[in-house]
Amino acid sequence: MPLTIMVDIDGILNTLDTTVLKVYNEDSGDNLRPEDVTEYHIEKFVKTEYRENFKNYFLDKRVWQRIEVVEYACEVLEKLWNEGYNLIFVTKTECENMVKKRNWLNRNFPFMGANNIRKRLYSAPKKQLIRADIAIDDGLFNLVGDRTYYSICFDKPYNQTDELIPCFTRVYDWLGAYTAVHEITDLLKENDNDDVSP
């Protein structure tokens, strides 16, 4: 049975996190940089008068017209897809964004086919409830705790920790994620009869 890889979307496959900052900076005259955001919730770092309605930037048409694919994301996912991995996309998002995300995935990852993406896109406020073998995410809170999957964490200023987390790997790009997926796959094959689950 193929391994299931749960892939986050925002900040992992797309540049939503940095694009939101660019649009906010244009509107506010601020100069907030990704490295300034050292906690997950960006609104803690914006000007006071923008905090209450900051979530609206995640629905803003200007943002969605400008987001791009993260470098190597398409190539690596296509490779994993062709190698037989079961890819699912799991996001914690506003309901209004699900159609936007589906359309964005269809445009940028056509090798999967629109029907496959429709069947593989989920919204989950707590990703630990999803059954998967591997999770690729940037939200540290999605990669720890009681879970069934090995965690691959995309390095961001807001997910730094000194905590030793079992079954956890930090990567810096999609090429590193590809290597980590295969290291985990090899580990699972070697220990097929042993309990090495997180």
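The coordinates are above.
Cut-offs applied
- Residues numbered from 1 in each chain as written.
- Predicted model: local features only at pLDDT ≥ 70, side-chain atom pairs only at ≥ 80, totals over all residues.
- Heavy atoms only, no water.
- Axes fitted to C-alpha atoms, helices over the stretch in contact; angles between N-to-C directions.
- Helix = DSSP H or I, 4+ residues; strand = E, 2+ residues; numbered from the N terminus.
- Parallel < 35°, antiparallel > 145°, perpendicular 65-115°, else oblique.
- Left-handed = near helix turned anticlockwise from the far one by under 90°.
- Contact = heavy atoms within 4.5 Å.
- Nonpolar A, V, L, I, M, F, W, Y, C, P; charged D, E, K, R; others polar.
- Disulfide = S-S within 2.5 Å.
- Buried < 20%, exposed > 50% of the residue type's maximum accessible area, 1.4 Å probe, protein only.
- Pairing = 2+ DSSP bridges.
- 1 Å grid on protein atoms, 1.4 Å probe; cavity = no way out; pocket = protein on both sides within 12 Å on 5 of 7 lines; lining within 4 Å.
- Points joined across faces, edges and corners; volume = space filled by probe spheres on them.
- Polar contact = N/O pair within 3.5 Å; in protein donor to acceptor, adjacent residues only side chain to side chain.
- Patch = residues over 30% accessible without salt bridge, like charges linked within 9 Å, V, L, I, M, F, W, Y side chains within 5 Å.
- Areas by Shrake-Rupley, 256 points an atom, 1.4 Å probe, with all protein chains shown as cover.
- Salt bridge = Lys/Arg side-chain N within 4 Å of Asp/Glu carboxyl O.
- Lys, Arg positive; Asp, Glu negative; His and termini not counted.
- Charge placed at Lys NZ, Arg CZ, Asp CG, Glu CD.
- Phe/Tyr/Trp six-rings, centres within 6.5 Å; stacked < 30°, edge-to-face > 60°.

Some points on the packing of helix H4 (residues 73–82) against helix H7 (residues 174–190)
Line of reasoning, step 1. Where H4 contacts H7, the axes come no closer than 9 Å and their chain directions differ by 20 degrees. Taken together, the axes of H4 and H7 are roughly parallel relative to one another. The interaxial crossing formed by H4 with H7 has right-handed handedness. The residues of H7 that touch H4, namely those facing Ala73, Val76, Leu77, Lys79 and Leu80, are Trp174, Leu175, Tyr178, Val181 and His182.
Line of reasoning, step 2. Classifying every residue of the contact of H4 with H7 by side-chain character gives eight nonpolar, one polar and one charged.

A look at the state of the cysteines
Line of reasoning, step 1. Scanning the model with the defined rule gives zero disulfides in all.
Line of reasoning, step 2. For the unlinked cysteine Cys167, the closest cysteine sulfur is that of Cys153, found at 14 Å.
Line of reasoning, step 3. Given the relative accessible area of 23%, Cys167 is considered partly exposed.

As for the pairing of strand E1 (residues 4–7)
Line of reasoning, step 1. Where burial is concerned, the two faces of E1 agree: the one with Thr4 and Met6 and the one with Ile5 and Val7 are both buried.
Line of reasoning, step 2. By the bridge criterion, four bridges tie E1 to strand E2 (residues 86–91) in an arrangement that is parallel. If you follow Val7 over to E2, its bridge partner there is Phe89.
Line of reasoning, step 3. Bridging between E1 and strand E4 (residues 134–137) involves three bridges; their strand directions are parallel. Looking at the pairing, Met6 lines up with Ala135 of E4.

A few points about the layout of surface pockets
Line of reasoning, step 1. Estimated volume of the largest pocket: approximately 710 Å³.
Line of reasoning, step 2. Lining the largest pocket are 30 residues, and of these Asp10, Tyr40, His41, Phe58 and Lys92 lie nearest its centre.
Line of reasoning, step 3. With four residues, the top contributor of residues to the lining of the largest pocket is helix H1 (residues 16–28).
Line of reasoning, step 4. Grouping the constituent residues of the lining of the largest pocket by class yields 10 nonpolar, seven polar and 13 charged.

Description of the environment of Asp137
Line of reasoning, step 1. As for its position among the elements, Asp137 is in strand E4.
Line of reasoning, step 2. Residues Asp137 and Phe58, spaced 79 residues apart in sequence, show a C-alpha to C-alpha distance of 18 Å.
Line of reasoning, step 3. Apart from residues no more than four positions distant in its own chain, Asp137 is found in contact with Asp8, Ile12, Lys127, Asn142, Leu143, Ile152, Cys153 and Phe154.
Line of reasoning, step 4. Among the polar contacts listed, one links the side chain of Asp137 to the backbone nitrogen of Gly139, at a separation of 2.9 Å.

Here's the deal with a negative patch on the surface
Line of reasoning, step 1. Taken together, the side chains of Glu71, Glu75, Glu78 and Asp173 define an acidic patch exposed on the protein surface.
Line of reasoning, step 2. With respect to the element layout, Glu75 can be found in helix H4.

Structural notes on the packing of aromatic side chains
Line of reasoning, step 1. All chains considered together, the criterion is met by 10 aromatic pairs.
Line of reasoning, step 2. Ring centres of Tyr24 and Phe54 lie 5.7 Å apart, and the angle between their planes is 75 degrees; on these two criteria the pair is classed as edge-to-face. Taken together, the positions of Tyr24 in helix H1 and Phe54 in the loop between helix H2 (48–51) and helix H3 (61–66) put the pair 30 residues apart, joining distant regions of the chain.
Line of reasoning, step 3. Where Tyr40 meets Phe141, the ring centres are 4.7 Å apart and the plane angle is 85 degrees; that geometry is what we call edge-to-face. Placement of the pair is Tyr40 in the loop between H1 and H2 and Phe141 in the loop between E4 and strand E5 (150–154), with a sequence separation of 101 residues.

A few points about the sheet that holds E2
Line of reasoning, step 1. Taking strand neighbours across the sheet as the criterion, the six strands line up as E3-E2-E1-E4-E5-E6 in an open arrangement whose pairing is parallel. This sheet does not close on itself; its edge strands, each paired only once, are strand E3 (121–123) and strand E6 (168–171). With strand direction ignored, the average angle separating the axes of adjacent strands in the sheet is 25 degrees.
Line of reasoning, step 2. Across three bridges, E2 lies against E3 in parallel orientation. Looking at E3, one finds that Thr91 is bridged to Ser123.
Line of reasoning, step 3. Those strands touched by H4 are E1 and E2, and its axis lies near 135 degrees from that of E2.

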